[in-house]
Protein chains: 2
Amino acid sequence: MRKGEQTRASIVAAALELAARDGLEGLTIGALAERMQMSKSGVFAHFGSREDLQIAVLKEYERRFVQEVLVPGLKAPRGLPRLRAILARWLDRTAIEAASGCIWISGATEYDDRPGAVREELVGTVRGWQRELSRAIRQAVETGELLPDLDVDELVFQLYGVILVLHHDGRLLNSPDALPRARRSVDRLIDSYRAGPAGDGPGQGARAGAESGSPPDRQLARAGG
Amino acid sequence: MRKGEQTRASIVAAALELAARDGLEGLTIGALAERMQMSKSGVFAHFGSREDLQIAVLKEYERRFVQEVLVPGLKAPRGLPRLRAILARWLDRTAIEAASGCIWISGATEYDDRPGAVREELVGTVRGWQRELSRAIRQAVETGELLPDLDVDELVFQLYGVILVLHHDGRLLNSPDALPRARRSVDRLIDSYRAGPAGDGPGQGARAGAESGSPPDRQLARAGG
């Protein structure tokens, strides 16, 4: 990595911490320059505008999210084990972010009525993640572990709800029960869509497959606004 | 209502609209004075501080919420009909607020790491509402319509999740499916906790009661911090 790229990466990492605390809209070039012990123009040299910086922060957030949640999850066998592995990591990460702040969840209320490039980026990232979840759910339908007629988008919606309330109760209400409650809620949801007799094993039609699936190191594919 | 009270009520109503759009933290005495065509000191005369104004806005929000969601819900017979009536109104109101902005949901991410009186007020309101939901759920257990061993707090948590994702998908993603999806998700949740054979009627042990229950015109009781 060249020097310029290194500096840019350090600025983005510092900006990500600031944005987790103060929100993406609370991110100022001034505070960031102070944190980096750089001049404002030094920070500006790496980003054309504050908006470009905010978008870079969202992309870095997404990169880390993919590395921590999706990539390890994809190592689990295709089907229910993979879906459960992804969800377990998503829950753990959300519980940690309920302490440190999550720019994805706070960004959703910061930008929900603020049109522009940052909002587009945020929406694209959320949609990309929903597609990854949909893919993992569909694979668990294909292996026969989940019901063939389940509404994939609706299950994604319901799982997202558990994540949002985990963040809400953990962060606003400081509830110590939020994580175990969210884990049980996800299990209950998944179980309610299980094919065949309930139990520990995979459903009757299971093809135990460890097919490699998606390339694990890409960012979430975008469908655009 | 005396003149001073009328003016105060108009200021709070205007502040509620501004806060729905810009967030409680985005609420400034300046913008409010302009909206009211009053001087800043005129606005200040009715509120000791910006914080007092924010708290007054939260109380007014809560008053309207109780009038729109809880009071009509309490007219339904105690048990599952009442619980469903409250949830139906909460879903409808959330879908409308996904368009206009909800200071309760955006406030949760604005104040989750900002200690102080406004946060305390917000937390007290959320906890008060959770207690009302718990009461309605417990009554549906008492009428025999919901399972006797259900974890009331966990069902409240799961219902809250559906509301949060309805707001998220409706507002950030402009998803037209969010409301029907949320309604189905709530029905599915409630059904998964139903006692006795599934069906349209009340559970076997139902005591069809229209007992008057809680006084309908109070604000949500507070347990404090």
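All values derive from a computational prediction rather than experimental measurement. (Residues numbered from 1 in each chain as written. Chains lettered and ligands numbered in written order. Predicted model: local features only at pLDDT ≥ 70, side-chain atom pairs only at ≥ 80, totals over all residues.)

Participant: Describe in detail the overall build of chain A, supporting the description with residues and values.
Facilitator: The secondary structure content of chain A amounts to 9 helices and 0 strands. Ordered by position from the N terminus, the helices and strands of chain A form the series α-α-α-α-α-α-α-α-α. Residue pairs in contact within chain A that sit at least 24 positions apart in sequence constitute 68% of those at least 6 positions apart. (Helix = DSSP H or I, 4+ residues; strand = E, 2+ residues; numbered from the N terminus. Contact = placed C-beta atoms within 7 Å.)

Participant: Which residues make up the environment of E60(B), and what are the values?
Facilitator: All names here are of chain B. With respect to the helices and strands, the residue E60 is situated in helix α4 (residues 50–73). Residue classification places E60 among the partly exposed residues on the basis of 17 C-beta atoms within 10 Å. Sequence spacing of E60 and L16 is 44 residues, and the spatial spacing of their C-alpha atoms is 7.8 Å. Here E60 is in contact with V12 and L16, once residues within four sequence places are set aside. (Buried ≥ 20, exposed ≤ 12 C-beta atoms within 10 Å, placed from the backbone.)

Participant: Which residues make up helix α9 (residues 178–192) of chain A, and what are the values?
Facilitator: Since the α-helix turns once every 3.6 residues, residues separated by three or four places project in the same direction. The end-to-end C-alpha distance of α9(A), which contains 15 residues, comes to 21 Å, matching closely the 21 Å that a straight helix rising 1.5 Å per residue would cover. Buried residues of α9(A): A178(A), R181(A), A182(A), S185(A), V186(A), L189(A) and I190(A), and no others. For α9(A), the angular spread of the buried residues around the axis is 165°, confining them to a single face. In this structure, α9(A) carries P180(A), D187(A) and D191(A) as exposed residues pointing more than 90 degrees from its buried face. Tucked into the core, α9(A) has its buried residues touching α5 (80–100) and α8 (152–171) of chain A together with α8 (152–171) of chain B. (Expected span 1.5 Å × (residues − 1). Arc of directions from axis to C-beta.)

Participant: Could you give an account of the nonpolar core, with specific residues and numbers?
Facilitator: Note on soluble globular proteins: their nonpolar side chains tend to be buried together. In this structure, A15(A), V57(A), I137(A), L159(A), I137(B) and L159(B) are the most contacted members of the largest nonpolar core, which totals 123 residues. Once residues within four sequence positions are removed from consideration, I137(A) is found in contact with L83(A), L146(A), V152(A), L155(A) and V156(A). (Core = buried A, V, L, I, M, F, W, Y, C linked by C-beta atoms within 7 Å.)

Participant: Go over the environment of T7(A) with me, naming the residues and quoting the values.
Facilitator: Considering the arrangement of structural elements, one finds T7(A) in helix α1 (residues 3–22). Separated by 186 residues in sequence, T7(A) and Y193(A) have C-alpha atoms that sit 48 Å apart.

Participant: Got a sec to walk through the relation of the copies chain B and chain A? Specific residues and values, please.
Facilitator: The transform that puts chain B on chain A rotates by 180° and translates by 0.0 Å along the axis, for an RMSD of 0.0 Å. With respect to symmetry, the two chain copies, as superposed, fit the operation of a two-fold axis. Residue G161(B) of chain B places its C-alpha closer to the rotation axis than any other residue of that unit, at 2.1 Å. Taken as a fraction of all interface residues of chain B, those also at the interface in chain A reach 100%, which identifies the copy contact as same-surface. (Least-squares fit on C-alpha atoms with pLDDT ≥ 70 in both.)

Participant: So, the interface of chain B and chain A: which residues are in play, and what are the values?
Facilitator: In this complex, chain B contributes 26 residues to the contact, which on the side of chain A involves 26 residues. Elements with a minimum of two residues in the side of chain B that touches chain A: α6 (103–111), α7 (117–142), α8 and α9 (178–192) of chain B. Among the elements that make up the side of chain B that touches chain A, the one with the highest residue count is α8(B) (11 residues).

Participant: Tell me about the confidence of the model for chain A, residues and numbers included.
Facilitator: Residues and elements named next belong to chain A. Residues with a pLDDT of 70 or more make up 87% of chain A, whose mean pLDDT is 86. Considering each helix and strand of chain A separately, the mean pLDDT is smallest for helix α6 (residues 103–111), with a value of 82, and largest for α9, with 97. Across residues 198–217, where pLDDT falls below 50, the model places 34 contacts with residues more than four positions away in sequence or in other chains. What the predictor reports for the complex is a pTM of 0.86 with an ipTM of 0.86. (pLDDT = per-residue confidence, 0-100.)

Participant: Which residues make up unusual backbone geometry, and what are the values?
Facilitator: Residue and element names in this part refer to chain A. Even without being a glycine, Q37 presents a positive backbone phi close to 50°. By secondary structure assignment, the location of Q37 is in the loop between α2 (29–36) and α3 (40–44). Using a count of 7 C-beta atoms within 10 Å as the deciding quantity, one classes Q37 as exposed. The phi angle at N174 is positive, at roughly 50°, despite the residue not being glycine. Mapped onto the secondary structure, N174 falls in the loop between α8 and α9.

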